[in-house]
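Fold and contact review
Listed below, chain by chain, are the residues.
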Amino acid sequence: MKKILRRTVLMALTLGVLVGMMPRTADAEYYLYSRKGATDLTLGLGMLVRSPVRFDLQVAGEYFLQNNVSLGLSFDSYLRGPNAFSFRPFARYHFDISQLPKFVPYVGVGLGGGVDTHSNGFMDILVPNFGFKYALTRNFQLGSDFGLHIFTDFDSSRVDFHILFLTIGYRF
């Protein structure tokens, strides 16, 4: 009898949590608005995973040309080993999911350049870039960002993968 009661209570709690997480019409309407003309400023913290592992601190700005299409510029600081700094223009396409209006995944590409602390210049090719943003409010988002980088100085190339574990964004 205790087992049946315990299972019933556990199922009721699980069902209650799942129902509570479902978007309601009133909540969804608040977040369904056009991003066209908006600007997102984000701060991200993560790492480049290829040895030696480097910390990645990113500041980015992104302007929405249309509701789903944006252009932006990111500044990355790769810390540890020879520190490096990269400026990279990028383009992204954002996907709207009607059942999850607060959750916005995106894909993108970027091409830029940088310099390390030994005064060596390099090109930074970012193909692909993918991630997501989750709207906490109309203006604040949390998210994550991933990308495959090709760093080249035209004599040698290096492929690396970045993970920004946490991005915090402000939209105005």
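Residues numbered from 1 in each chain as written. Predicted model: local features only at pLDDT ≥ 70, side-chain atom pairs only at ≥ 80, totals over all residues. Heavy atoms only, no water.

A few words on the overall build of the protein. Across its full length, the protein carries two helices and eight strands. Across the protein, helices and strands are ordered from the amino to the carboxyl terminus as α-α-β-β-β-β-β-β-β-β. Residues counted as buried form 35% of the 172 residues belonging to the protein. Counting contacts in the protein only where the partners sit at least 6 residues apart, residues at least 24 apart contribute 50% of the total. Within the structure as shown, the protein displays about 10300 Å² of accessible surface, and the carbon and sulfur contribution to it stands at 71%. (Helix = DSSP H or I, 4+ residues; strand = E, 2+ residues; numbered from the N terminus. Buried < 20%, exposed > 50% of the residue type's maximum accessible area, 1.4 Å probe, protein only. Contact = heavy atoms within 4.5 Å. Areas by Shrake-Rupley, 256 points an atom, 1.4 Å probe, with all protein chains shown as cover.)

In this section: the pairing of strand 4 (residues 84-94). Residues Ala-84, Ser-86, Arg-88, Phe-90, Arg-92 and His-94 line the buried face of strand 4, whereas the alternating positions Phe-85, Phe-87, Pro-89, Ala-91 and Tyr-93 sit on a face that is not buried. As paired elements, strand 3 (residues 69-79) and strand 4 share 10 bridges and run antiparallel to each other. Paired with Leu-73 across the bridge in strand 4 is Pro-89. Counting the residues between successive antiparallel strands, the hairpin from strand 3 to strand 4 contains four residues, one of them, Arg-80, with a positive phi of roughly 110°. As defined by bridge partners, strand 4 adjoins strand 5 (residues 103-116) across nine bridges and the pair is classed as antiparallel. Residue pairing across strands places Phe-85 opposite Val-115, the latter belonging to strand 5. (Pairing = 2+ DSSP bridges.)

By the definition in use, this model includes nine salt bridges. Salt-bridge contacts for Asp-40 lead to Arg-171; the nearest nitrogen and oxygen are separated by 2.6 Å. Of this pair, Asp-40 sits in strand 1 (residues 39-48) while Arg-171 sits in strand 8 (residues 157-171); the two residues are 131 residues apart in sequence, bridging distant segments of the chain. Residue Arg-171 is classed as buried on the basis of its relative accessible area of 10%. We note a salt bridge from Arg-92 to Glu-62, for which the minimum N-O separation is 3.3 Å. Note that Arg-92 is positioned in strand 4 and Glu-62 in strand 2 (residues 54-64), a separation of 30 residues in sequence. Look at Arg-92 and you get buried, because its relative accessible area is 9%. Judged by relative accessible area, Glu-62 falls into the buried class, the value being 3%. Members of the salt-bridge network, linked through shared partners, are Asp-40, Glu-62, Arg-92, Lys-133, Asp-145 and Arg-171. (Salt bridge = Lys/Arg side-chain N within 4 Å of Asp/Glu carboxyl O.)

Residues Leu-41, Tyr-134, Leu-136, Phe-140, Leu-142, Phe-165, Leu-166, Ile-168, Tyr-170 and Phe-172 make up a contiguous nonpolar surface patch of roughly 940 Å² in combined accessible area. Residue assignment for the nonpolar patch shows that the elements contributing at least two residues are strand 7 (140-152) and strand 8. With four residues, strand 8 is the largest single contributor of residues to the nonpolar patch. On the secondary structure map, Leu-136 appears in the loop between strand 6 (121-135) and strand 7. For Leu-136, a relative accessible area of 44% translates into the label partly exposed. (Patch = residues over 30% accessible without salt bridge, like charges linked within 9 Å, V, L, I, M, F, W, Y side chains within 5 Å.)

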